Amino acid sequence: MGYLLETLVGGLLAGIMYSMVAIGFVLIYKASGVFNFAQGAMVLFSALTFVSLIERNVSFGCALIITAAVMVVVAVLAERLVLRFLVNRPPVTLFMATLGLSYVLEGTAQALWGADVHGLDLGIDDVPVSILGLRLSRFDLFASATAAVLVVLLSLFANRTRIGRSLRAVADDPLAALSLGVRLPKIWRWVWTLAGLVGFIAGLLWGSRSGVQFSLTLVVLKAMPVLIIGGFDSIEGAIVGGLIVGASEKLAEVYVGPIVGGGIENWFPYFLAVGLLLVRPAGLFGDRAVVRV
Amino acid sequence: MSSRWPAAIKASLLIIFAVAIVPWAADEYWLSAILVPFLILSLAGLGLNLLTGFAGQLSVGTAAFMATGAYTAYNVASRLPGVPLLVAFAAGGLAAALLGVFAGLPSWRIKGFYLVVCTLAVQFFVEWLFTAFRWFSNDNSSGQVEVPPLRIAGHDFNDPIGHYWLVLAIVAVLTWVARNIVHSELGRRFLAVRDMDTAAAVIGIPVLRTKLLAFGISSFYCGVAGALWGFVYLGSFDPRAWELGRSFQVLFIIIIGGMGSIAGSFVGAAFMLLLPIAMSHLASAWLSGAVDQGTLSNYQKIVFGVLIIFFLIKEPLGLASIGRALQRRVRIWPLRQW
């Protein structure tokens, strides 16, 4: 029983990491309807930039600021050079454009900083701590706390600031927002910046866990079932979806994996997601889209 | 579109070029390292184009269908001695088609990105299946399989020129079939479902059946392409030959070549294969080894990414559409249409 609980909680905490990536997706999807495949590349790009700055003896704080500035530049460029020209095109076209963008970002990151695996030390030891008799990873707890702070900050931003209100207005009804004088390109730059920064934080956490390397881009593939389960346009959904995926994937790996030869983590969440899709096409928290014929 | 040259003349010129001029002009490197993969990737692109370009269902599971084709063909050819090679290839295609219909079932309720996620699920499942169960690779511990020699009706196809003939024949026949499908009633139904499935349903087109047929036919093409990739181009293979990157490669072929165009699949495949080669030649000629292979592949990634975005913005119908525009201009030169 203790082992089951430990697996479950470990999975839940790992799921938080998936949620962090998924939140970046949700931000962009809500504000612009773009399914941003480049989120994983943004995670890699920011983490790699940060680590390379640290390795060049830039202080921690400076590296944070420079990387954040770089992500702002990436967001502005994405809007100026890509999105601006694809307004009113089918969503699938935009998806493919972000696929191209992810190739550009991956290539640029590795051409600038090399393809080696970089270690990243945030100063948190990954030692097990005992809470209520359960042995949990201290790092996972730190990651969950970070995610909680992040969600609080994002909701404060969305509810208390002027730009946050316009973000929500655009997410609610782009046409009405436009007619009230909200400038869409500006909103897009904002959400891409936010998504880039969220990706940066996710990149720091993932990078210090498993090293900053190319495989960071693969977290985008982990985030997809999370999004399907939670719904594309709900931040709470991203959190809950991450928890569900993290927990079920660990449980499946431990209890079902040995029967079929292991390694089922890669596809199990997807099957879960597809199963859910057939029952609830808008995810657990998503808005059911009303389609006009 | 009306053309001054009838299709028959164009087709026969193309056949003369492929049958008489290419084998005479190309050396072994060109045949086995460029022409054979070009033809096979064109076939895979053609398959995906039927599904995505014509029927409007985006899939990123192409590599999974290719792997299914290759492994089925391998198991048929190695476990059932005496089965002709072409039958094994067809079996590979059929197995992939079955998987494709299965993967397309969710399109009954969902579309767009959600369908992309379904095909991703298939992609990861198939990768895992062929890696986790060694039975598929004849219980070889490394997962690597050696294909049997390529012999069809007593003819030996094991040299580069034989590879070329074999692939050319299969690709030519399947391209001809695809062209006829596209121009048939079924092809029109694909277009109707792509452009507006609600309207298609209203005028009496069975939408689900049409989508499933698109998935099945497309996956058959991808399966045969996978069998050829494994048997003819690679010779010995393991599941890593068909990872997600391959799916993206085929998707890029049709984006660059032209969605909804048969010729586009070929143009796109040629472009995808030749551009990296051209880039590495240029790099070695101009920069004389200052750029190593790893860096070069990063630059190639950037170039491909930029090209994808460029084509989506400027020419959503790809190189094929640029080609048609050029043709139109040449035909009325020196007058101008605009």
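Caption draft 1: Spotlight on the overall build of chain A. Helix and strand content of chain A: 12 helices and two strands. Starting at the N terminus and walking to the C terminus, you meet the elements of chain A as α-α-α-α-β-β-α-α-α-α-α-α-α-α. Over its C-alpha atoms chain A spans a radius of gyration of 19 Å, differing by no more than 12% from the 19 Å that the globule rule assigns to 293 residues. Principal-axis analysis of the C-alpha atoms gives chain A an extent of 60 × 55 × 35 Å. When each of the 293 residues of chain A is scored for burial, the buried share is 48%. A sequence separation of at least 24 residues applies to 75% of the contacts in chain A between residues at least 6 apart.

Caption draft 2: Representation of the nonpolar core within the structure. Judged by nonpolar contacts, the single largest core of 198 residues is most densely connected at Val191(A) and Val117(B). Residues contacting Val117(B), with those up to four places away along its chain left out, are Met224(A), Ile228(A), Tyr270(A), Ala273(A) and Val274(A).

Caption draft 3: Summary view of the packing of helix α5 (residues 138-160) of chain A against helix α6 (residues 162-172) of chain A. Residue and element names in this part refer to chain A. Axis separation between α5 and α6 bottoms out at 5 Å; the angle between their running directions is 85 degrees. The angle between α5 and α6 falls in the class roughly perpendicular. Taken together, the residues of α6 that come into contact with α5 (itself represented by Phe157, Ala158, Asn159 and Arg160) are Gly164, Leu167 and Arg168. For the contact of α5 with α6, the per-class residue count stands at three nonpolar, two polar and two charged.

Caption draft 4: Main features of the interface of chain A and chain B. Across the contact, 38 residues belong to chain A and 33 residues belong to chain B. When contributions to the side of chain A that touches chain B are tallied by element, the ones reaching two or more residues are α4 (91-113), α9 (219-230) and α12 (268-279) of chain A. For the side of chain A that touches chain B, the per-class residue count stands at 28 nonpolar, nine polar and one charged.

Caption draft 5: Expanded view of helix α9 (residues 207-234) of chain B. Residue and element names in this part refer to chain B. Compared with the 40 Å implied by 1.5 Å per residue over 28 residues, the 38 Å span of α9 between its first and last C-alpha is a close match. At Leu228, α9 is deflected by roughly 25 degrees, the largest bend along its length. The buried fraction of α9 is high, at 22 of 28 residues. Gly235 occupies a position one or two residues after α9 and carries a positive phi of about 85 degrees.

About the criteria used
Residues numbered from 1 in each chain as written. Chains lettered and ligands numbered in written order. Predicted model: local features only at pLDDT ≥ 70, side-chain atom pairs only at ≥ 80, totals over all residues. Helix = DSSP H or I, 4+ residues; strand = E, 2+ residues; numbered from the N terminus. Rg over C-alpha atoms; globule rule 2.2 N^0.38 Å. Buried ≥ 20, exposed ≤ 12 C-beta atoms within 10 Å, placed from the backbone. Contact = placed C-beta atoms within 7 Å. Core = buried A, V, L, I, M, F, W, Y, C linked by C-beta atoms within 7 Å. Axes fitted to C-alpha atoms, helices over the stretch in contact; angles between N-to-C directions. Parallel < 35°, antiparallel > 145°, perpendicular 65-115°, else oblique. Nonpolar A, V, L, I, M, F, W, Y, C, P; charged D, E, K, R; others polar. Expected span 1.5 Å × (residues − 1). Bend = angle between axes of the 7 residues up to and from the residue.

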